[in-house]
Amino acid sequence: MRGLKGKIAIVTGGLGGLGYATARRLAEEGCKVAIFDLPRDGRDMAAAIGCAYYRVDIRSPGQVKRACGAVKSRLGPVDVLVNCAAIFVCKSYDATPQDWHKILEVNVIGTSLVTKYAVGQMKPRRRGSIINFSSISGFVGQPEFATYNSTKFAIRGLTKCWAQDLGPYNIRVNCICPAYIQTRPAGKLSKKRLEDLRRIEARHLLNRKGRPEEVAGAVAFLASEDSTFITGSDLLVDGGYLAK
Ligand SMILES: NC(=O)c1ccc[n+]([C@@H]2O[C@H](COP(=O)([O-])OP(=O)(O)OC[C@H]3O[C@@H](n4cnc5c(N)ncnc54)[C@H](O)[C@@H]3O)[C@@H](O)[C@H]2O)c1
């Protein structure tokens, strides 16, 4: 992909299933990648794919500000921000205020905080690409998923608003919207689990779940100079899930 060599990228949640595949792909494309995530011992895992590691809780304004400053001093000002970190609180109409605070603090407010400090480095240079992780869950309702899905709808809304605010600075903001991605080995499955898996697979036109590297490739495209006229958009990486 064009224009990624030497770019500075931050990937939040970069030790998780999709974040790790994304950080790896961006590093392979020649980006200098900084992973923000929670584990104390993340350094070796990040180093294994040629990335730097910062232990950052994206809910903390102080930690986010310090880490973004440290990336700038160590690697240079950020060009690409991938907002991948999220948690999964899956509750329906009976969600408690604590459930709501917990998920909104990470998926919406945390995402917004990292964006604020990354944009501070992009704006003066009038360039940047921000890729937010939404989901098919940001398009449709799913049973018992109201809390999670509403944050993924919110991410699509933030994307469109930020694209308006940042377009004048040549900063593009887009959403990546995966369907079901197999992020961990399935292991040995019981008959019931196997039936559930087949049912999920059959909801995709390609009759299978996606692979993390298939999502990572789409993120790299949105980060690259092959997508310079794309902003405010939702890129479905869903094997045709929503086309039915
Ligand atoms: N896996 C899927 O099938 C799928 C489908 C659609 C969308 N998504 C989206 O993709 C993204 C990644 O999902 P995943 O399956 O890789 O999940 P995951 O749980 O494997 O990874 C999430 C990562 O975010 C990190 N994180 C959580 N809270 C954090 C915080 N406060 N500060 C910093 N890091 C924090 C976690 O430690 C973890 O490494 C999410 O935004 C999710 O909504 C996933």
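Residues numbered from 1 in each chain as written. Predicted model: local features only at pLDDT ≥ 70, side-chain atom pairs only at ≥ 80, totals over all residues. Heavy atoms only, no water.

Enquirer: Help me get a handle on the packing of helix H4 (residues 97-122) against helix H5 (residues 146-166), residues and values and all.
Expert: At their nearest, the axes of H4 and H5 sit 10 Å apart, and the two run at 20° to each other. The angle between the axes of H4 and H5 places the two elements in the roughly parallel class. Two packed elements cross with a definite hand, and for H4 against H5 that hand is right-handed. Only Ala146, Thr147, Tyr148, Ser150, Thr151, Lys152, Ala154, Ile155, Leu158, Trp162 and Leu166 of H5 make contact with H4, whose side of the interface consists of Trp100, Ile103, Leu104, Asn107, Val108, Thr111, Ser112, Thr115 and Val119. (Axes fitted to C-alpha atoms, helices over the stretch in contact; angles between N-to-C directions. Helix = DSSP H or I, 4+ residues; strand = E, 2+ residues; numbered from the N terminus. Parallel < 35°, antiparallel > 145°, perpendicular 65-115°, else oblique. Left-handed = near helix turned anticlockwise from the far one by under 90°. Contact = heavy atoms within 4.5 Å.)

Enquirer: Lay out the sheet that holds strand E4 (residues 80-83) in plain terms, naming residues and giving numbers.
Expert: Here seven strands make up an open sheet; going across it, the order is E3-E2-E1-E4-E5-E6-E7 and the pairing parallel. Edge positions in the open sheet fall to strand E3 (52-55) and strand E7 (234-237), since each of these has one partner strand only. Each strand axis lies, on average, 20° off the axis of its neighbour in the sheet, ignoring direction. Sheet topology places strand E2 (residues 32-37) next to E3; four bridges connect them, and they run parallel. The residue bridging isoleucine 35 from the neighbouring strand is tyrosine 53, located in E3. Where H4 meets the sheet, its contacts fall on strand E1 (8-12), E2, E4, strand E5 (128-133) and strand E6 (171-178), and the angle it forms with E4 comes to roughly 175°. Sheet contacts for H5: E5, E6 and E7; angle to E6, the most-contacted strand, approximately 160°. (Pairing = 2+ DSSP bridges.)

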